[in-house]
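Fold and contact review
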Amino acid sequence: MLEWAIKHHQSSLREGHVEVDQWKGHSIGVNRCRMKMGLILTGVGDKVMRLWSAESYKCLGEYAIPHAVSLIDYDFDESKIVGLIGTRISIWRRGGQRSIFPSREGTFPKGLCLRYLDPEAVVGCEDGTVRVFDMYSRKCSRIIRMHSAPVTCLSLSGVKALCFNPCSSLVFAGCASGYASCWDLRKMGLLWERRVSPNVLYSLGHMQNDSSTLVVGGIDGVLRVLDQSTGELVSSYVMDQLVSSASSSSSLGGIEKRKGRRLSEDARIDIIPRAARPPITCLAVGMKKVVATHNGKQIRLWKFH
């Protein structure tokens, strides 16, 4: 059943038609999003994180950020949100309670990125270290000296985004120069490198258990689907005309429904209006869905059929 679902997901991203639903999710611009278990979490930029249903777009919860600090990055699971605020790690329970790691164990040089997989949270720091925290003892269990440059996405300078596929042991990177790269950790070598965009790539990702397709986005606002094995461009998309505007239970605004447009291989990106391709600052991939934020107030959900 899982294998059939993944194949259907792959086919939809490669050949299906696309709808784009967008709604105003925040009062000011945000540039981070995560999607898991049919839920979307958005934030960074605003003083609040919001949890949404990926089906109804209803806001299921709000999580306030302390006024004295800024939210830098976050991740979540079914029971809690783990956030990087200033030089501390904070935990928001789905019920609303918030706690901060104790200052002696939880403080570190300026953090730039965070990833969480129970029972550990990993923070990339400005001093070039990666610090691993145990979520239950709330202590730093390891400090890994990576290099002398700041760790911006648990990567080297120039790399803007990283993701790891445990199914294939492949690491994917998006660079400021528009190149996407793939390393095979089993062979400890570069598998492929392709320039897939003329400008910087900000985010990339794939659905859990999918070892076929990789979705990338960046400053030119084009959503691109690549083959994980070769880096070949499979398809690319931008938003098209407005279809309808529907009411919503969200107090921040209604849902706009748009069509997505698949681009031809020789399409000229520069003549496509910027309104149809706002910069993609962050994306997350689910079953036949991609959620994206654009450093603005809108949240966009791409649905592939």
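Just above, that's the structure.
Residues numbered from 1 in each chain as written. Predicted model: local features only at pLDDT ≥ 70, side-chain atom pairs only at ≥ 80, totals over all residues. Heavy atoms only, no water.

Attention shifts here to the pattern of salt bridges. Inspection of every chain in the model, using the stated rule, returns 19 salt bridges. The closest approach of N and O atoms between Asp 21 and Lys 257, which form a salt bridge, is 3.2 Å. With a gap of 236 residues between them, Asp 21 in strand S1 (residues 18-24) and Lys 257 in strand S22 (residues 255-262) connect regions that are remote in the sequence. A relative accessible area of 30% means that Lys 257 is categorised as partly exposed. Each member of the salt-bridge network shares a partner with another, and the members are Arg 32, Arg 34, Asp 73 and Arg 115. (Salt bridge = Lys/Arg side-chain N within 4 Å of Asp/Glu carboxyl O. Helix = DSSP H or I, 4+ residues; strand = E, 2+ residues; numbered from the N terminus. Buried < 20%, exposed > 50% of the residue type's maximum accessible area, 1.4 Å probe, protein only.)

Turning next to the sheet that holds strand S17 (residues 189-195). Ordered in space as S14-S15-S16-S17, the four strands form an open sheet in which the pairing is antiparallel. The open sheet terminates on both sides in strands that have one partner only, identified here as strand S14 (159-165) and S17. For this sheet, the mean inter-axis angle between neighbouring strands, taken without regard to orientation, is 15 degrees. (Pairing = 2+ DSSP bridges. Axes fitted to C-alpha atoms, helices over the stretch in contact; angles between N-to-C directions.)

Inspection of the secondary structure puts Asp 227 in strand S20 (residues 223-227). With a relative accessible area of 16%, Asp 227 lands in the buried category. In terms of polar contacts, Asp 227 uses its side chain to reach the side chain of Arg 14, at 3.4 Å. Each residue touching Asp 227, except ones within four places of it in the same chain, is listed here: Arg 14, Trp 192, Ser 212, Glu 232 and Val 234. (Polar contact = N/O pair within 3.5 Å; in protein donor to acceptor, adjacent residues only side chain to side chain. Contact = heavy atoms within 4.5 Å.)

In this section: a nonpolar patch on the surface. On the surface, a cluster of nonpolar side chains totalling about 520 Å² of accessible area is made up of Phe 164, Trp 183, Leu 185, Met 188 and Leu 190. Mapped onto the elements, Leu 185 comes out in the loop between strand S16 (179-184) and S17. (Patch = residues over 30% accessible without salt bridge, like charges linked within 9 Å, V, L, I, M, F, W, Y side chains within 5 Å. Areas by Shrake-Rupley, 256 points an atom, 1.4 Å probe, with all protein chains shown as cover.)

The subject of this paragraph is the pairing of strand S18 (residues 201-205). Of all five residues making up S18, four are buried, and the element is well covered by its neighbours. Examined bridge by bridge, S18 and strand S19 (residues 213-218) share four bridges and lie antiparallel to one another. By the bridge assignment, Leu 204 is partnered in S19 with Val 216.

Okay, the packing of aromatic side chains next. Given two aromatic rings, one states the distance between the centres and the angle between the planes to describe the pair. Here the structure, examined in full by the defined rule, presents four aromatic pairs. Ring geometry for Phe 172 and Trp 192: centres 6.2 Å apart, planes at 40 degrees, overall tilted. Highlighted residues: Phe 172 in strand S15 (residues 170-175) and Trp 192 in strand S17, separated in sequence by 20 residues. Given the relative accessible area of 0%, Phe 172 is considered buried. In this structure Trp 192 comes out as buried when scored by relative accessible area, which is 6%. Ring geometry for Tyr 237 versus Phe 304: centroids 5.3 Å apart, planes at 75 degrees, classification edge-to-face. Highlighted residues: Tyr 237 in strand S21 (residues 233-246) and Phe 304 in strand S25 (residues 298-304), separated in sequence by 67 residues. You'll find Tyr 237 and Phe 304 in the same group, each marked buried. (Phe/Tyr/Trp six-rings, centres within 6.5 Å; stacked < 30°, edge-to-face > 60°.)

This next bit is on the sheet that holds strand S8 (residues 88-93). Pairing is antiparallel in the open sheet, where four strands are placed in the order S6-S7-S8-S9. This sheet does not close on itself; its edge strands, each paired only once, are strand S6 (71-76) and strand S9 (98-100). Shown here is a sheet whose adjacent strand axes are inclined to one another by a mean of 20 degrees, direction ignored. Bridge count between strand S7 (residues 80-85) and S8: six bridges; the pairing is antiparallel.

With that settled, the discussion passes to the pairing of S8. Between S7 and S8, which pair antiparallel and follow one another directly, the connecting turn spans two residues, one of which, Gly 86, has a positive phi of 60 degrees. Bridge analysis of S8 against S9 gives three bridges, and the strand direction is antiparallel. Pairing of Trp 92 across the sheet is with Arg 98, part of S9. Following S8, the chain reverses through four residues before pairing antiparallel with S9; Gly 96 in that reversal takes a positive phi of roughly 115 degrees.

We now examine helix H1 (residues 2-15). Between its terminal C-alpha atoms H1 stretches 20 Å, which fits the 20 Å expected from 14 residues at 1.5 Å a residue. Every buried residue of H1 is accounted for by Ala 5, Ile 6, His 9, Gln 10, Ser 12 and Leu 13. Taken around the axis of H1, the buried residues stretch over an arc of 160 degrees, which confines them to a single face. The exposed set on the far side of H1, more than 90 degrees from its buried face, consists of Glu 3, Trp 4, Lys 7 and Glu 15. (Expected span 1.5 Å × (residues − 1). Arc of directions from axis to C-beta.)

This part takes up the environment of Leu 71. Examined against the element boundaries, Leu 71 turns out to sit in strand S6. Among the residues examined, Leu 71 registers a relative accessible area of 8% and is labelled buried. Separated by 48 residues in the primary sequence, Leu 71 and Pro 119 place their C-alpha atoms 21 Å from one another. Apart from the residues lying within four places of it in its own chain, the contact partners of Leu 71 are Val 44, Met 49, Ile 65, Gly 83, Leu 84, Ile 85 and Trp 92.

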